[in-house]
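Below, each chain spelled out in residue letters.
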Amino acid sequence: MNINQALVALITQMADDELIIGHRNSEWTGLGPIMEEDIAFSSMAQDKIGHAWALYRILQEHLEGDDPDRIAFLRPAAAFRCCHLVELPIGSYEFSLMRHFLFDHAETIRYNSLYQSSFMPLQQLARKVKGELKYHTLHADAWILQLCKAGEEGHSRMQAALNDCFPLACGIFEPGQADALLAEENIYPGEAALYEQWIENINRVLRKAELTLPEKITPVYGGRKGQHTPHLEALLEEMGEVFRQDPAATW
Amino acid sequence: MNNSLDPRVNRLRLDHTDGPVTIEEGENWNVYEVFHQEKRGAHHEHVGCVHAPDAGMALIFAKEQFGRRKKCVNIWVVRSADILAFDAEDEDMFANNLEKTYRDASGFRVMEKINKFKSQAK
């Protein structure tokens, strides 16, 4: 694998994660627990789709990628490189919130590591999304603490959500073939380094919320190799339905 | 029968109480007034309100509710109950304002002097 192929693999998996979780979280629009939260969660879902678009644009402009809309709406599930965490249906609100918390802390660490990236387009994007991510984690942390402090039911439901989400969230950091090459070229430090930092950051919040990470889990890998849950195919079916009716149409 | 779809109302379990309803701290949400600042140094202007369990969450909600479009550099939230205001019937205290034009600052002619000073300063 050469450096450009490694970059394409890295950016594709980042973008696919953002697109799919953005689409999933947007499914809460109109159904959020209260109006204020509905607006905040929907708005952050849009941010995620924006990040996906920006990453697909980098592929198009610098790495001979296809048009972002075509990448998003026309690829079959097996061509996607997202992790299983983002594919799962929205479930209960505590599941979606916990997924949002774990994912956004992971995203923050990943983009922070790109501030020093030798690949300038990624470095620029990382600086651009900094403020958005700061808000996303602020929002996630506040909800986790709020619900864990709200009594026995709140705390036990959040702990159960964490137990469900954590092995899936570890899949964000599925080791890639080109990790060493990308680290060598100072593109980013590789999944293992990001994972360590992520555990440290989420633990800081989880301790305050009196939640504990489940032990002896098996990380859910496979997404980065194109192996997915059946939920992804159903999601893609729905997401691209209108676009596929006339892929050449201008909007 | 309590048929509300609002979880804040349902939490109160209005159907299940014999005696008076007591609301525990944090059980019912407060209304917070939101003030947004368009640029540093400018006044914070009132833009609306949000419901939230505490001030921290109110600020988080207000950011997306009132700060996601156009320019905004900061937001204040304050519990509506903490704002002291006159009663509507006290509006008569302000009734004669329009007659007291001698209190208007509009009579002073200063722009000529300011412009003269500016041109000298160049």
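Residue positions are counted from 1 within each chain, in the order its sequence is given. To label them, take the chains in the order written and letter them from A, then take the ligands in the order written and number them from 1. pLDDT decides what is reported in this predicted model: residues at 70 or higher carry local features, side-chain atom pairs at 80 or more are listed and counted, and totals for whole chains, interfaces and linings draw on all residues regardless. Side-chain numbers here rest on the full set of heavy atoms in the structure, without hydrogens or water.

Trainee: Any details on the packing of aromatic side chains? Residues and values, ideally.
Mentor: Any two of the Phe, Tyr and Trp rings considered here, Trp counted by its six-membered ring, make a pair once their centres fall within 6.5 Å; the pair's planes then place it as stacked at under 30 degrees, edge-to-face at over 60, or tilted in between. Enumeration over the complete set of coordinates arrives at 11 aromatic pairs over all chains. Judged by centre distance (5.8 Å) and plane angle (10°), the rings of A:Phe166 and A:Trp198 are stacked. With a gap of 32 residues between them, A:Phe166 in helix H7 (residues 152-170) and A:Trp198 in helix H9 (residues 191-208) connect regions that are remote in the sequence. For the pair A:Phe166 and A:Trp198, a shared accessibility class is recorded, and that class is buried. With centroids separated by 5.9 Å and ring planes inclined at 45°, the aromatic side chains of A:Tyr195 and A:Trp198 adopt a geometry described as tilted. Of this pair, A:Tyr195 and A:Trp198 both sit in helix H9, 3 residues apart, which is roughly one turn of the helix. Type-normalised accessible area, obtained with a 1.4 Å probe on protein chains alone, sets the label of each residue: buried when under 20%, exposed when over 50%, and partly exposed for intermediate values. Given the relative accessible area of 26%, A:Tyr195 is considered partly exposed. Feature note: the residues A:Phe166, A:Phe173, A:Tyr195 and A:Trp198 constitute an aromatic cluster, connected by ring pairs. Distance and angle both matter: a charge sits over a ring if NZ of Lys or CZ of Arg is within 6 Å of the ring centre and within 35 degrees of the ring normal. One Lys or Arg, A:Arg75, reaches over the ring of A:Phe80 and ends 3.9 Å from the middle of that ring. Its end group placed over the ring of A:Tyr135, B:Lys63 keeps NZ or CZ at 4.4 Å from the ring centre. Helix numbers and strand numbers start at the N terminus; a helix is a DSSP run of H or I with at least 4 residues, a strand a run of E with at least 2.

Trainee: Which residues make up the interface of chain A and chain B, and what are the values?
Mentor: The contact rule is simple, with two residues in contact once any of their heavy atoms fall within 4.5 Å. In this assembly, 14 residues from chain A lie in contact with 14 residues from chain B. The term buried area refers to how much accessible surface (probe radius 1.4 Å) is lost by two components on association, counted for both of them together. Roughly 1,300 Å² is buried in total at the junction of chain A and chain B, and carbon and sulfur atoms are behind 68% of that figure. A per-residue breakdown of the area chain A buries against chain B is headed by A:Ile34, A:Glu36 and A:Tyr135, which together make up 43% of the total. Salt bridges are counted wherever a side-chain nitrogen of Lys or Arg sits within 4 Å of a carboxyl oxygen of Asp or Glu. Counting across the interface, chain A meets chain B through 0 salt bridges. Secondary-structure elements contributing two or more residues to the side of chain A that touches chain B are helix H2 (35-62) and helix H6 (120-148) of chain A.

Trainee: Explain the pattern of salt bridges residue by residue, including any values.
Mentor: Residues and elements named next belong to chain A. For the structure on display, the rule yields 14 salt bridges over all chains. Between glutamate 107 and lysine 48 there is a salt bridge, with its nearest N and O atoms 2.9 Å apart. Taken as a pair, glutamate 107 in helix H5 (residues 93-113) and lysine 48 in helix H2 lie far apart in primary sequence, 59 residues in all. Comparing glutamate 107 with lysine 48 shows no difference in burial state: the two are buried.

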